[in-house]
Amino acid sequence: MNLDTRRRAWAALSELFLDTEVNAEWVARQLRDTGLSLAEIETILKSEVAPVLGANLLSVAGVWDAFDLTPVEARFRAGRSRPTLLGHLALRMIREDWAAVLARLQESG
């Protein structure tokens, strides 16, 4: 999988870690457009995005509108294949939003 594809997946999945309502249809569409398999998307979510952005869900002054992914890209890449306790907690916190995205991905699959 090329880096541009991975960046598009990071951007879409990062929406799950904002302190705002998730537009599951939009996230699913963005993920679908990457051409990645569901297994690849879930790996990126669990091993790259959640460990890095999960802390935002626990922060009183977290990011609300959008992440600037440029400064955290190196952390995404370094964290690949290393789920963390914080990432696991974050995944529990986004469980309902991820289920809504997943349902829309499976509808089109």
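Here the structure is shown first, and the text comes after it.
Residues numbered from 1 in each chain as written. Predicted model: local features only at pLDDT ≥ 70, side-chain atom pairs only at ≥ 80, totals over all residues. Heavy atoms only, no water.

A.B. asks: What exactly am I supposed to notice about the nonpolar core here?
C.D. replies: In a soluble, globular protein the nonpolar side chains are often hidden away together inside. Leu-13, Leu-16, Phe-17, Leu-31, Trp-98 and Val-101 are the most contacted members of the largest nonpolar core, which has 28 residues in total. Of all the elements in the fold, those that place two or more residues in this core are α1 (3-14), α2 (24-34), α3 (38-53) and α6 (95-108). If you tally residues by element for this core, the top one is α3, at seven residues. (Core = buried A, V, L, I, M, F, W, Y, C linked by side-chain atoms within 4.5 Å. Buried < 20%, exposed > 50% of the residue type's maximum accessible area, 1.4 Å probe, protein only. Helix = DSSP H or I, 4+ residues; strand = E, 2+ residues; numbered from the N terminus.)

A.B. asks: It is not clear to me how the environment of Leu-36 should be interpreted in this structure. Could you clarify?
C.D. replies: Relative to the helices and strands, Leu-36 resides in the loop between α2 and α3. Residue Leu-36 is classed as buried on the basis of its relative accessible area of 14%. C-alpha of Leu-36 to C-alpha of Arg-6: the two residues are 30 residues apart in sequence and 8.9 Å apart in space. Leu-36 has contacts with Met-1, Thr-5, Ala-9, Ile-41 and Ile-44, leaving out every residue within four places of it along the chain. (Contact = heavy atoms within 4.5 Å.)

A.B. asks: I tried to follow α1 on my own but got confused; where do I start?
C.D. replies: Every α-helix winds through 3.6 residues per turn, so residues three or four apart in the chain are directed the same way. With twelve residues, α1 extends 16 Å between its outermost C-alpha atoms, agreeing within 8% with the 16 Å of an ideal straight helix rising 1.5 Å per residue. Regarding α1, the residues found buried are Thr-5, Arg-6, Ala-9, Trp-10, Ala-12, Leu-13 and Ser-14. (Expected span 1.5 Å × (residues − 1).)

All we've got here are geometric facts, nothing functional implied.
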